[in-house]
Amino acid sequence: MIIVSGTARRFVVVVALVTVVGCSRPRDPSTPEEAAARGDELLRKMSDTLKAAPALSFTVAESHERVRRNGQKEPYTLTREVIVRRPDRLWSHTTGSDNRNIKATYDGKTVTIVGDTQKVYATIKAPATLDETLDLVSERYDLRVAVADFLYSSPYDSFADKQAKGGWVRRTTVEGTSCEEVSYSMKAVDFTLSMTRAEPTLPCQIQITYKEEPGKPVSQLVFSNWNLKTQPQDSQFVANVPQGYELIPVVERIPKTELKADPAKAMGAAASK
Amino acid sequence: MRLNRRSGTCAALLAAVLLTTVVQADRSVRTSRRGTVVQGEERTVAVGRRGAAVAGEHGAAAVGPRGAVAVDDHGAAAVGRHGAVVVGEEGAAAVGRHGGVVVGQHYESHEAWRTAAGVAAGVATGIAIGTMLSRPPAASTTVVVSGTNYMYSDGVYYARVINGGAVAYQVVPAPASAIIATLPPGCKSVRVGGVAYTQCGPTYYQRVATGYQVVVVH
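### A closer look at the overall build of chain B
Phase 1: Counting its regular elements, chain B contains three helices and 20 strands.
Phase 2: Residues classed as buried in chain B amount to 55% of the 218 residues present.
Phase 3: Taking the intrachain contacts of chain B between residues at least 6 apart in sequence as the baseline, contacts between residues at least 24 apart amount to 52%.

Shown next as structure tokens:
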């Protein structure tokens, strides 16, 4: 009969746990092919996690750069709270170092933007789904929302690009959370995205370099407070415009291609809004 | 006459407008991959409720319901119902309040615009209609016309718009009926149709009990 001391027993247990945990995770990629495959796997897992949640909420700490033509960069920061209920609801509250205090609500029919600092609001007639609305506000109204990549029904499609080069890079830690980092280079942007090592796979941080913009500005988003079990009520997505706020227009952009193809139609569509 | 005068002003201002602007790149990866509509080949233009727009080889121009459009080698300039419009190679566009369409570049502040345009401090000068500032001039005051709040400073009126996800202050033609306490520098007395006015740049004022009121002179 072998008598094992308490210290030895604890040692054996720890070694066993480390072995089990270590073996349950895939080893780090060691070739470019493995890195590409692992990166794609992580992007799909993260996308599947977000896609599977009927509703979700999170907070983003954002830092961005404005670039003047003389090359001077001016940093500014934003904090954004986001609540999404698929397929047709969104609420966000954005505050920033530039005195920004904007609430945006999408209720399946209308996007309402309320600026509390200036006591103004604006409305945009929106399509029936969040995906279509995200496309509309970013491309037609240039409402810049870097976090939009993670709000689409398939975030994977935001990052998947056959021409992109890159994949898994390393393990890293973001705000105390153990994450895995992937990095890709595309024609217009480079991005480095880290995602949680623990399940469910969620975004930890993304850094985007806009290569085709003058000065190649960089944006960084750090995610926190993920809640995939939130159950927001309809009232969460009802725009609240305080009395006395002034209705102002939203700058709208019409691609020249549309003007060339059918100016009357392009103008008529805008004028009818 | 009015078109030529304003087109000339627009053309002169266009060079300065294009020198510097703010590039703000906080778009999503998806949007960036698709390409932006605010620069490069995809120049853009917008239209108001009663306006219209045209696109030329050198840019795009917008026009109000009673306005006209002129295009030159440097871009296009249009005249809306109450003011002028400037469009550049990387022009942005905004919806005007009175049927006219205004287009312009975006600067952080009035000081940034002055630096870009090479305008010395204290010199009153015409900032192009359509130009957008992230914040209004420090010395601006609020002028209310028909329930709409404008910011006014040094002969220039600013309307608030949502641009790029934030509130911006856009230079607009002087809104009819606006009243200011004192006239900006560089004004002159004129008579049109036997009526006396004070003309400050393209804007005509009439003396009223509380100051000077913007009037539209045809």
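### Topic: the nonpolar core
Phase 1: In terms of nonpolar packing, the biggest core is built from 87 residues, with Ile113, Val147 and Leu151 of chain A together with Tyr150, Tyr157, Tyr158 and Ile162 of chain B touching the most fellow members.
Phase 2: Viewed by domain, this core spans two of them, domain 1 (2-172) and domain 2 (179-215) of chain B, each represented by three or more residues.
Phase 3: Once you skip the residues sitting within four places of it in the chain, Ile113 of chain A turns out to touch Ile102, Ala104, Tyr121 and Ala122 of chain A together with Ile162 of chain B.

### Quick look at unusual backbone geometry
Phase 1: For the bond running from Arg86 of chain A to Pro87 of chain A, omega is 5 degrees, close enough to zero to count as cis.
Phase 2: In this fold, Pro87 of chain A is placed in the loop between strand S2 (73-85) and strand S3 (89-96).
Phase 3: Going from Glu199 of chain A to Pro200 of chain A, the amide bond is cis rather than trans, its omega being -5 degrees.
Phase 4: Looking at the element boundaries, Pro200 of chain A is found in the loop between strand S9 (189-196) and strand S10 (203-210).
Phase 5: One non-glycine residue with positive phi stands out, namely Ser177 of chain B, at about 85 degrees.
Phase 6: On the secondary structure map, Ser177 of chain B appears in the loop between strand S15 (166-172) and strand S16 (179-180).

### Some points on helix H2 (residues 32-52) of chain A
Residues and elements named next belong to chain A.
Phase 1: Taking 1.5 Å per residue, 21 residues should reach 30 Å; H2 reaches 30 Å between its end C-alpha atoms and fits that length.
Phase 2: Taken together, the buried positions of H2 are Gly39, Leu42, Leu43, Met46, Ser47, Thr49 and Leu50. Here the buried residues of H2 occupy an arc of 160 degrees about the axis, which is enough to place them on one side. Of the residues in H2, the exposed ones pointing more than 90 degrees away from the buried face are Glu33 and Ala52.
Phase 3: The inward-facing, buried residues of H2 abut strand S1 (55-68), helix H4 (156-159), strand S7 (165-174), strand S8 (177-185), S9 and S10.

### Overview of helix H3 (residues 130-139) of chain A
Phase 1: Burial in H3 of chain A covers these residues: Leu130, Thr133, Leu134, Val137, Ser138 and Glu139 of chain A.
Phase 2: Residues of H3 of chain A that are buried in the fold lie against S2, S3, strand S4 (101-106), strand S5 (110-115) and strand S6 (120-125) of chain A together with helix H2 (29-34) of chain B.

### Some points on the pairing of S8 of chain A
If a strand is regular, its side chains alternate between the two faces of the sheet.
All names here are of chain A.
Phase 1: Here nine bridges tie S7 to S8, and the two strands are oriented antiparallel to one another. Along S8, the bridge assignment pairs Gly166 with Tyr184.
Phase 2: Connecting S7 to the antiparallel partner S8 that follows it, the hairpin turn spans two residues, and Glu175 within it adopts a positive phi of roughly 50 degrees.
Phase 3: What sits between S8 and S9 in their antiparallel hairpin is a turn of three residues.

### Here we look at the sheet that holds strand S18 (residues 195-200) of chain B
Residue and element names in this part refer to chain B.
Phase 1: Spatially, the five strands line up as an open sheet ordered S16-S20-S19-S18-S17, and their pairing is antiparallel. Looking at the sheet topology across the chains shown, the edges are occupied by S16 and strand S17 (188-192).
Phase 2: Looking at chain direction, S17 and S18 are connected through five bridges and run antiparallel. Note that in S18 the partner of Arg191 across the bridge is Ala196.

### Some points on the environment of Gly167 of chain A
Residues and elements named next belong to chain A.
Phase 1: Inspection of the secondary structure assignment puts Gly167 in strand S7.
Phase 2: Between the C-alpha atoms of Gly167 and Glu181, which are 14 residues apart in sequence, the distance is 8.5 Å.
Phase 3: Once you skip the residues sitting within four places of it in the chain, Gly167 turns out to touch Ala35, Ala36, Arg38, Gly39 and Val182.

### A look at the confidence of the model for chain B
All names here are of chain B.
Phase 1: Mean pLDDT over chain B stands at 64; residues scoring 70 or higher make up 50%.
Phase 2: The secondary-structure element of chain B with the lowest mean pLDDT is helix H1 (residues 2-19), recorded at 29, while strand S20 (residues 211-215) shows the highest, at 97.
Phase 3: Per-residue pLDDT stays below 50 along residues 1-20; that stretch engages in 42 contacts with residues further than four places along the chain or on separate chains.
Phase 4: Taken as a whole, residues 36-102 scores under 50 in pLDDT and shows 238 contacts with residues more than four places along the chain or in a different chain.

### Things to note about the environment of Ser153 of chain A
Residues and elements named next belong to chain A.
Phase 1: With respect to the secondary-structure elements, Ser153 resides in the loop between H3 and H4.
Phase 2: Put simply, Ser153 and Glu175 are 22 residues apart on the chain and 27 Å apart in space, counted from C-alpha to C-alpha.
Phase 3: Look past the residues within four positions of Ser153 in its chain and what remains in contact with it is Lys51, Arg86, Pro87 and Asp131.

### Digging into the environment of Tyr184 of chain A
Residues and elements named next belong to chain A.
Phase 1: Residue position: Tyr184 is located in strand S8.
Phase 2: Residue Tyr184 is classed as buried on the basis of its 23 C-beta neighbours within 10 Å.
Phase 3: Considering only alpha carbons, one finds Tyr184 and Gln207, 23 residues apart in sequence, at a separation of 11 Å.
Phase 4: Look past the residues within four positions of Tyr184 in its chain and what remains in contact with it is Phe159, Ala164, Lys165, Gly166 and Phe191.

Basis of the calculations
- Residues numbered from 1 in each chain as written.
- Chains lettered and ligands numbered in written order.
- Predicted model: local features only at pLDDT ≥ 70, side-chain atom pairs only at ≥ 80, totals over all residues.
- Helix = DSSP H or I, 4+ residues; strand = E, 2+ residues; numbered from the N terminus.
- Buried ≥ 20, exposed ≤ 12 C-beta atoms within 10 Å, placed from the backbone.
- Contact = placed C-beta atoms within 7 Å.
- Core = buried A, V, L, I, M, F, W, Y, C linked by C-beta atoms within 7 Å.
- Domains from an automatic or database assignment.
- Expected span 1.5 Å × (residues − 1).
- Arc of directions from axis to C-beta.
- Pairing = 2+ DSSP bridges.
- pLDDT = per-residue confidence, 0-100.

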